[in-house]
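Chains, contacts and geometry: an overview
Here are the chains, one letter per residue:
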Amino acid sequence: MINRRYGDPSTVLHLADLPRPSPGRGEVLIEVRAAAVDPGVWILITGRPPAARLAFGLRRPRQPVRGRDLAGVVVATGPGVTGFTAGDEVYGTSDRGSFAEFAVAPVTRLAHKPTRLSFTEAAAIPVSGQTALDAIRAAGPLTGRRIMIIGAGGGIGAFAVQLAVAGGAHVTAVCGPGKAPLMDSLGADRVIDYTRAEIDRDGPVHDVILDTAGCRPFPLLRRALTPAGTVLLAGGGHDAPGFLGGFTRQLRAPLAGLFSRRRLRPIAGHERAAGLEEINRLVEAGHLTPVIDRTFPLSDTVAAIAHLAAGHPTGKIVITMDR
Ligand SMILES: NC(=O)c1ccc[n+]([C@@H]2O[C@H](COP(=O)([O-])OP(=O)(O)OC[C@H]3O[C@@H](n4cnc5c(N)ncnc54)[C@H](OP(=O)(O)O)[C@@H]3O)[C@@H](O)[C@H]2O)c1
């Protein structure tokens, strides 16, 4: 599934036959079984915000195959690869594209798939799960502390709720209508339906707020925070306007927090084998289970992207291969 130019997904995204990629040094070739969608994919299709083109190709994406998260079976290994062999079931990220029958990925961003997860569940983890992991780490010690997760029912949020619960935090989940039963099942202590109440409903009681929705002004976030609390900003909304789009909010945060004890910190997820290994341990211990919104066959990737862009997924949207 490729786009050779930026634009509306229904116009620029299409299926194409390309040569099977070959694994370079430190890479493996994977027969892809499932590949997840996240807001970064939308950015690479649309070329918005424009600042993203500085990194991914000014006039067109340098790399045409879309998708990053994947789960599948190793079919060949490149030079210098140890620890992985043909037939291994793996998951991780590829920066040469994963919405394809075959993909290459560096072993530095791969792990063996936990046996208790399906390929669909494993593919849902890498980008969002590792961002949630890094955010929860940035939150510091959690036992007995109150953490609010805004966008709790989304890709990052559904992982973050489970990680915070596993860490012993008291979790307030902020989400839209209909997601309260899911939040209860993930272990959240309180749920705020943001269409009925604002996040400062209970006053300044949260030690940490993880904001993945990126649409509340900083003063409102502070009103739900203890005087020495911290706001962690995961994103500014995939379709925020301007040259920098949602990144503006990330860049403004340190300045906006300068004269207050309440800190505003942007967070960045890191994709690495060690993060996936840590997630594997949490999965095996029963602390983490991916939440899957819907699956779409590869041929329906445009519909999958439209579902994501509508802004209210429940957990992760996953592409499955039409085999
Ligand atoms: N920092 C990093 O390293 C990093 C990595 C990956 C992604 N990101 C960014 O993080 C952001 C979130 O990513 P994601 O994968 O979690 O996206 P997502 O799966 O689209 O989830 C976003 C969630 O926000 C919720 N939401 C929408 N409007 C809301 C509102 N007004 N108030 C509260 N919640 C609202 C939606 O759920 P409801 O149905 O409940 O409204 C949705 O589930 C994106 O901007 C993405 O680009 C950052």
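Analysis parameters
Each chain carries its own residue numbering, running from 1 in the written order of its sequence. It should be noted that, the model being predicted, local features are given only for residues of pLDDT at least 70 and side-chain atom pairs only at 80 or more, the latter also being counted only at that level, while totals for whole chains, interfaces and linings use all residues. To get the side-chain values, all heavy atoms of the structure are used, and hydrogens and water are removed first. Per the convention used, a helix needs a DSSP run of H or I reaching at least four residues, while a strand needs a run of E reaching at least two, with both numbered from the N terminus. We compute the radius of gyration from the C-alpha atoms alone; for a globule the expected value is 2.2 Å times N to the 0.38, where N is the number of residues. For every residue, the accessible area obtained with a 1.4 Å probe (protein chains only) is divided by the maximum for its type, and the residue is called buried under 20%, exposed over 50%, and partly exposed between those limits. What makes two residues a contact is simply this: any of their non-hydrogen atoms within 4.5 Å. We score Asp and Glu as negative and Lys and Arg as positive, and we do not count His or the chain ends. Note on charges: their place is set at NZ of Lys, CZ of Arg, CG of Asp or CD of Glu. If even one non-hydrogen atom of a residue comes within 4 Å of a molecule or strand, that residue is called near it. Counting of polar contacts relies on pairs of N or O atoms within 3.5 Å, with two restrictions inside protein: one atom must be capable of donating a hydrogen and the other of accepting it, and residues adjacent in sequence are counted only when both atoms are side-chain atoms. Surface exposure here means Shrake-Rupley accessible area, sampled with a 1.4 Å probe, where a residue is shielded only by the protein chains that are shown. Residue ranges labeled as domains rest on an automatic or database domain assignment. As used here, the arc is the angular range of directions from the helix axis to the C-beta atoms. For helices, the fitted axis covers only the stretch in contact; all axes are lines through C-alpha atoms, and the angles between them, taken along N-to-C directions, range from 0 to 180 degrees. Note that the term roughly parallel is reserved for angles under 35 degrees, roughly antiparallel for angles over 145, roughly perpendicular for angles of 65 to 115, and oblique for everything else. Should the near helix be turned counterclockwise from the far one by less than a right angle, the crossing is left-handed, whereas a clockwise turn marks it as right-handed. Nonpolar residues are Ala, Val, Leu, Ile, Met, Phe, Trp, Tyr, Cys and Pro. Charged residues are Asp, Glu, Lys and Arg, and all others, Gly as well, are polar. Accessible area that two parts lose when put together, evaluated with a 1.4 Å probe and summed over both, is termed the buried area. Here, a disulfide means two cysteine sulfur atoms that sit within 2.5 Å of each other.

1. Observations regarding the overall build of the protein
When helices and strands are tallied, the protein shows eleven helices and 13 strands. Its C-alpha radius of gyration of 19 Å places the protein within 12% of the 20 Å reference for a compact globule of 323 residues. Reported as C-alpha extents along the three principal axes, the dimensions of the protein are approximately 55 × 45 × 35 Å. Relative to its full complement of 323 residues, the protein shows a buried share of 54%. Long-range contacts, defined as pairs at least 24 residues apart, comprise 67% of the intrachain contacts of the protein with a sequence gap of at least 6. Distance between charge centres in the protein, computed from 37 positive and 28 negative side chains, equals 7 Å.

2. Quick look at the site of the ligand
With respect to spatial proximity, 28 residues lie near the ligand, and among them Gly176, Lys179, Tyr194, Gly269 and His312 are the closest. At 2.6 Å, a backbone N or O of Gly176 approaches an oxygen atom of the ligand. Burial of the ligand by the surrounding chains reaches 85%, relative to a free accessible area of 920 Å². At the level of elements, helix H5 (126-138) and helix H6 (155-166) are the ones that each hand at least two residues to the shell around the ligand. Residues from two domains meet in the shell around the ligand; each of domain 1 (9-125 + 290-320) and domain 2 (128-266) gives at least three.

3. As for helix H11 (residues 301-309)
Buried within H11 we find Thr301, Ala304, Ile305 and Leu308. Down the axis of H11, the buried set is contained in an arc of 95 degrees. They therefore lie on one face. The secondary structure elements touched by the buried residues of H11 are helix H1 (9-12), strand S1 (27-37), helix H2 (39-46), strand S12 (292-297) and strand S13 (316-320). Of the residues one or two after H11, Gly311 is the one with positive phi, at around 95 degrees.

4. A word on the packing of H2 against H11
How two helices sit against one another is set out by the angle between their axes and by the gap between those axes. Following both chains from N to C, one finds H2 and H11 inclined at 115 degrees, their axes separated by 10 Å at the closest point. Classified by the angle between their axes, H2 and H11 sit roughly perpendicular to one another. Note on packing geometry: the crossing formed by H2 with H11 is left-handed. Along the contact surface, H2 presents Pro39, Val41, Trp42 and Ile45, while H11 presents Ile305, Leu308 and Ala309. Looking at the contact of H2 with H11 residue by residue, the classes come out as seven nonpolar, no polar and no charged.

5. Observations concerning the side chain of Thr226
Tracing the backbone through its elements, the reader meets Thr226 in strand S10 (residues 225-233). Those residues in contact with Thr226, other than ones at most four positions away along the chain, are Pro204, Val205, His206, Asp207 and Arg262.

6. Quick notes on the domain arrangement of the protein
Once the domains are mapped, the protein shows domain 1 (9-125 + 290-320) and domain 2 (128-266). Taking the mean C-alpha position of each, domain 1 and domain 2 sit 27 Å from one another. In this assembly, 18 residues from domain 1 lie in contact with 20 residues from domain 2. Between domain 1 and domain 2, the buried area comes to about 1400 Å², and carbon and sulfur atoms account for 67% of it. Of all residues in domain 1, the largest losses of buried area upon contact with domain 2 belong to Pro49, Ile125 and Val291, amounting jointly to 28% of the total for that side. Counting across the domain 1 and domain 2 interface gives six residue pairs in polar contact (both at pLDDT 80 or more). Counting residues per element, the ones that place at least two in the side of domain 1 that touches domain 2 are H2 and H11.

7. Quick word on the state of the cysteines
A full pass over the atoms with the stated rule returns zero disulfides. Of the cysteine sulfurs around Cys175, a residue in no disulfide, the closest is that of Cys215, at 13 Å. Residue Cys175 is classed as buried on the basis of its relative accessible area of 3%. Judged by relative accessible area, Cys215 falls into the exposed class, the value being 55%.

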